[in-house]
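Residue-level structural notes
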Amino acid sequence: MKLESHFNLDYTLSCGQVFRWGKANGWWYGIVDGSILKVRQEGDELHFSAYPEDVEDEFIKSYFRLDDDLTNILRIINKDATINKAIQQFNGLRIVRQSVWDCLISYVCATNASIAIIESMLRNLSEMFGDEIVVNGKAFFSFPKVKKLAKASVNKIKLCNVGYRARFLSEIAKQVENNPNLLEELRNSDYLKLRDELRSLPGVGPKVADCVSLFAFDKLEAFPIDVWIRRVIYQIKGAAIPRTKDGTEKPLTVSEYTELSSFARRHYGKFAGYAQEYLFYYIRSKDR
DNA sequence: CATCGACCTTG
DNA sequence: AAGGTCGAT
């Protein structure tokens, strides 16, 4: 497929927004909605195939948000020296359009865990509760379906090394099982309403709700704040992070979250979520 | 509202 | 410590 506007597959899949992609022999392999996707970029050509069934160009365009006017978005969010550097360095990074269920479960797992651990948890859940898909003799496992997870006991879910998150996953799965439209009917809500509705789910606080709003509900103004983004924001504001007496960073409170998050929306505008992704990748690659 | 500890597991 | 959230005070 010929790319009509600028895009960088490596940045897009490496920046930390998705957990089920890996690169091998120059190809990216990902598990998306029960399909195994194999993707490679060569300049303005995007090569891809899918198993067990092929996918249309439209699916790929939608998944990688190739219809977003990235040039315009980057121009709008380019409001300070830090984001400017991030944009220079990672130009072409796009937000991936994830499916709601996978995204929600993934980010509930992501709380208080490192990326390596998150990937391991999602792999374990898929191997235990997903469907096996064999491609070229290699086994992949699709993401667990709602019903499968709803039927599973908390103890069995815990076998996936998800720890205390098991009861959240179980409870969320049961709620969605009892009300299959629960998540999709939120699509009509505006961002603030959606965020509050998501927050009513167990294990979903402001950060997870913002991630799901941004990655799965097209709310590009959502600006998820984690420990990394918090550090950049204070840097951009020219202020110091609140610290305890022993010098460590104070935990982020809900009111501080709200304040920083609305600052970011005022500062970057309606595409603040894009700014968040660029800043997140930038600060993490800089500080390691 | 603000503060605090607990929470599973692993690198 | 790691891309937080919950419940109690």
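What you see is a predicted model, and the numbers here were worked out from it, not measured in a lab.

Before going further, it helps to examine the domain arrangement of chain A. Here the domain parsing of chain A yields domain 1 (9-90), domain 2 (100-216) and domain 3 (227-287). Distance between the C-alpha centres of domain 1 and domain 2: 22 Å. Contacts between domain 1 and domain 2 engage twelve residues on the former and 16 residues on the latter. Of the roughly 1,200 Å² buried where domain 1 meets domain 2, counting both sides, 70% is carbon and sulfur surface. Of all residues in domain 1, Phe19, Arg20 and Ile36 bury the most surface against domain 2, accounting for 53% of the area lost on that side. In this structure, the connection of domain 1 to domain 2 is made through zero salt bridges. The tally of links from domain 1 across to domain 2 stands at three residue pairs in polar contact (both at pLDDT 80 or more). Of the residues assigned to the side of domain 1 that touches domain 2, the class counts are seven nonpolar, three polar and two charged.

As a further point, take the nonpolar core. With 81 residues, the main nonpolar core has Leu125, Phe223, Tyr268 and Tyr278 as its most contacted residues. Sorting elements by how many residues they give to this core places helix α14 (residues 272-286) first, with nine residues. Sequence-distant contacts of Tyr268, that is, excluding residues within four places in its chain, are made with Ile76, Ile77, Lys79, Asp80, Ile83, Phe223, Ile236, Ala275 and Leu279. With 20 residues, the next largest nonpolar core counts Val32, Leu46, Ala50 and Leu66 among its residues.

With respect to spatial proximity, 25 residues lie near DNA strand C, and among them Gly16, Tyr164, Gly203, Gly205 and Val208 are the closest. Protein-proximal atoms of DNA strand C, defined as those within 4 Å of the protein, fall in sugar or phosphate at a share of 56%. A distance of 3.4 Å is found between a base oxygen of DNA strand C and a backbone nitrogen or oxygen belonging to Gln17. A distance of 3.1 Å separates a phosphate oxygen of DNA strand C from a polar atom in the backbone of Ile115. Within the residue set of the surface near DNA strand C, elements represented by two or more residues are α6 (115-129), α11 (206-216), α12 (227-237) and α14. Of the residues in the surface near DNA strand C, the class split is 14 nonpolar, eight polar and three charged.

Further remarks concern the packing of helix α4 (residues 81-90) against α14. Where α4 meets α14, the axes come as close as 9 Å, and the angle between the chain directions of the two elements is 80°. What the angle tells us is that α4 and α14 run roughly perpendicular. Note on element contacts: α14 touches α4 through Ala275, Tyr278, Leu279, Tyr281, Tyr282 and Ser285, opposite Thr82, Ile83, Lys85, Ala86, Ile87, Gln89 and Phe90. For the contact of α4 with α14, a count of residues per class yields nine nonpolar, three polar and one charged.

Its place among the elements puts Ser106 in helix α5 (residues 100-109). Residue class for Ser106 comes out buried when judged on its relative accessible area of 5%. With residues near it in sequence (within four places) discarded, Ser106 still touches Phe19, Ile118, Leu122 and Phe143.

Right, let's talk about the sheet that holds strand β1 (residues 21-24) for a bit. Reading across from one edge, β1-β2-β3-β4 is the order of the four strands in this open sheet, with antiparallel pairing throughout. Sheet topology places β1 and β4 (45-51) at the edges, where each strand pairs with a single neighbour. Direction aside, neighbouring strands of the sheet carry axes that sit 25° apart on average. Relative to β4, strand β3 (residues 35-42) is paired through seven bridges, and the arrangement is antiparallel. Within the sheet, the bridge partner assigned to Leu37 lies in β4 and is Ala50.

With that settled, consider the protein's contact with DNA strand B. Inspection of the region around DNA strand B gives Asn112, Ile117, Asn161, Gly163, Tyr164, Arg165, Arg167 and Ser255 as its neighbouring residues. Protein-adjacent atoms of DNA strand B, using a 4 Å cutoff, are sugar or phosphate at a proportion of 65%. Here a phosphate oxygen of DNA strand B sits 2.6 Å away from a polar atom, N or O, in the side chain of Asn161. A distance of 2.4 Å separates a phosphate oxygen of DNA strand B from a polar atom in the side chain of Ser255.

We now examine the pairing of strand β6 (residues 138-141). As paired elements, strand β5 (residues 132-135) and β6 share four bridges and run antiparallel to each other. Directly across from Val135, in β6, lies its bridge partner Lys138. Between the antiparallel neighbours β5 and β6 lie two residues, among them Asn136 with a positive phi of about 50°.

It is worth spelling out the pairing of strand β2 (residues 27-32) at this point. Both β1 and β2 contribute to a ladder of four bridges, which runs antiparallel. Counted as the bridge partner of Ala24 is Trp27 from β2. Connecting the antiparallel pair β1 and β2 is a turn made up of two residues, with Asn25 showing a positive phi of about 55°. Note that β2 and β3 share five bridges and pair antiparallel. Paired with Trp28 across the bridge in β3 is Val39. Between the antiparallel neighbours β2 and β3 lie two residues, among them Asp33 with a positive phi of about 50°.

Calculation rules
Residues numbered from 1 in each chain as written. Chains lettered and ligands numbered in written order. Predicted model: local features only at pLDDT ≥ 70, side-chain atom pairs only at ≥ 80, totals over all residues. Heavy atoms only, no water. Domains from an automatic or database assignment. Contact = heavy atoms within 4.5 Å. Buried area = accessible area lost by both parts, 1.4 Å probe. Salt bridge = Lys/Arg side-chain N within 4 Å of Asp/Glu carboxyl O. Polar contact = N/O pair within 3.5 Å; in protein donor to acceptor, adjacent residues only side chain to side chain. Nonpolar A, V, L, I, M, F, W, Y, C, P; charged D, E, K, R; others polar. Core = buried A, V, L, I, M, F, W, Y, C linked by side-chain atoms within 4.5 Å. Buried < 20%, exposed > 50% of the residue type's maximum accessible area, 1.4 Å probe, protein only. Helix = DSSP H or I, 4+ residues; strand = E, 2+ residues; numbered from the N terminus. Near = heavy atom within 4 Å. Axes fitted to C-alpha atoms, helices over the stretch in contact; angles between N-to-C directions. Parallel < 35°, antiparallel > 145°, perpendicular 65-115°, else oblique. Pairing = 2+ DSSP bridges.

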